[in-house]
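# Per-entry structural report
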Amino acid sequence: MKKFATLTILFSLPVIIVLIAFEFSLRHIPNDYAYKRHYLDTKSSEIEVLYLGSSHIYCGINPEFSELKSFNASHVSQSLNYDLAILEKYKDNWSKLKCIVLPVDYFSMYTTIETGVEKWRVKNYTIYYGLNSIISNEGRFELTTGKFSSNISRLWAYHQNGSNDLSCNKLGWGTNYNSKNSKDLIETGKIAAERHTVKIIDTECYEKNRKALETIIGFAKTKDIKVILITCPAYKSYVNRLNQKQLNSTISFINKLCLENSNAFYYNLLNDKSYTSDDFFDANHLNDIGARKLTLQLDYLINQNLSK
């Protein structure tokens, strides 16, 4: 028995070493999470405006057009609990922070990454931000997330031609949503509206998001930081298919929250007519043209509120 155990260990050891090497090699591929973590580690004390949130901000805000020193710390599908986690991770570093901008969109109060189809993204916060997660241990490794063949392809592409998973510019704006590659606005509107509409309201999820949002505003208040909440622009093919009860419940809650907190301000840009079809990558995401427009619009609103 002892001999069998010894042989098993000797046989398994090379495999384990290869898997460990593979895992570390995958983590070495540049990506948005590692980049933004490094930026915040080194420069969070210099940031005056912090943008958080999901893909609507990730592709919709390009801080290169901001007057104040800004950074886009959003990620695709990033929910409010992770916005809060990032904010708290650097709680002692926000010496120059004047304003936090957060999207509160049609789906924001009713979903988290853990409960959505992109649950696999949670491992990025565990691995690259060092944030704790409720996800199982299998979600803490690159190797156990996604297909093995896909990970092989990623590693091969990185070592062969330098391809990587970094898709944001130096200030965190997502560059993949290019106007030259815009998608069908009608079809994407139908698909996105259906995906973002909840069939049964998850009260536990709603409560988690409510508490996260209230905590963010409370945290900001203690440091004399303004919080600007926005509902991002969307194309009519998406807007016209939204469930009004779900939408209005969010808007009502946000308006009430801002009335109760003097440091919080809400701007509903969902139906803003200044955004045309040329501004959208798909029905609910802006492209590079729309991102410039939204960044400048918010820059004006931020300066307006800071001057009060």
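It should be noted that the structure appears before, not after, this text.
The notes below deal with the structure included here. (Residues numbered from 1 in each chain as written. Predicted model: local features only at pLDDT ≥ 70, side-chain atom pairs only at ≥ 80, totals over all residues. Heavy atoms only, no water.)

Among the 10 residues that make up helix 4 (residues 80–89), seven are buried, leaving the element largely enclosed by the rest of the structure. Looking at the buried residues of helix 4, the elements they touch are helix 2 (32–43), strand 1 (49–51), strand 3 (99–103), helix 5 (122–129) and helix 8 (203–222). (Buried < 20%, exposed > 50% of the residue type's maximum accessible area, 1.4 Å probe, protein only. Helix = DSSP H or I, 4+ residues; strand = E, 2+ residues; numbered from the N terminus. Contact = heavy atoms within 4.5 Å.)

On the secondary structure map, L52 appears in the loop between strand 1 and helix 3 (55–58). Remark: the alpha-carbon pair of L52 and H75, spanning 23 residues in sequence, is separated by 7.9 Å. Contact partners of L52, with chain neighbours within four places excluded, come to I57, A73, S74, Q78, D83, I86, I100, V101, L102 and P103.

This next bit is on the sheet that holds strand 1. Taken in spatial order, the five strands make up an open sheet running 2-1-3-4-5, and their pairing is parallel. Looking at strand neighbours, the two that pair on one side only are strand 2 (70–72) and strand 5 (264–268), the edges of this open sheet. Going across the sheet, the axis of each strand differs from the next one's by a mean of 15°, ignoring polarity. Note that strand 1 and strand 2 share three bridges and pair parallel. (Pairing = 2+ DSSP bridges. Axes fitted to C-alpha atoms, helices over the stretch in contact; angles between N-to-C directions.)

Turning our attention to unusual backbone geometry. Phi is positive for S77, close to 65°, though the residue is something other than glycine. Overall, S77 belongs to the partly exposed group, its relative accessible area being 25%. Phi at D224 takes a positive value of approximately 55°, unusual for a residue other than glycine. Following the sequence through the fold, D224 ends up in the loop between helix 8 and strand 4 (226–231).

This brings us to the packing of helix 4 against helix 8. Their axes nearest at 8 Å, the elements helix 4 and helix 8 cross at an angle of 30°. With respect to each other, helix 4 and helix 8 are oriented roughly parallel. In this structure, helix 4 meets helix 8 at a crossing whose hand is left-handed. Along its contact with helix 4, which presents L80, N81, D83, L84, L87 and E88, the element helix 8 presents K208, N209, A212, L213, T215, I216 and F219. When grouped by side-chain class, the residues that make up the contact of helix 4 with helix 8 number seven nonpolar, three polar and three charged. (Parallel < 35°, antiparallel > 145°, perpendicular 65-115°, else oblique. Left-handed = near helix turned anticlockwise from the far one by under 90°. Nonpolar A, V, L, I, M, F, W, Y, C, P; charged D, E, K, R; others polar.)

Let us look at the side chain of N284. Locating N284 in the fold gives a position in the loop between strand 6 (280–282) and strand 7 (285–286). Among the residues examined, N284 registers a relative accessible area of 3% and is labelled buried. A distance of 2.9 Å separates polar atoms of two side chains, one belonging to N284 and the other to H56. Among the polar contacts listed, one links the side chain of N284 to the side chain of H285, at a separation of 3.3 Å. Residues in contact with N284, not counting those within four places in the same chain, are H56, A192, H196, A234 and Y238. (Polar contact = N/O pair within 3.5 Å; in protein donor to acceptor, adjacent residues only side chain to side chain.)

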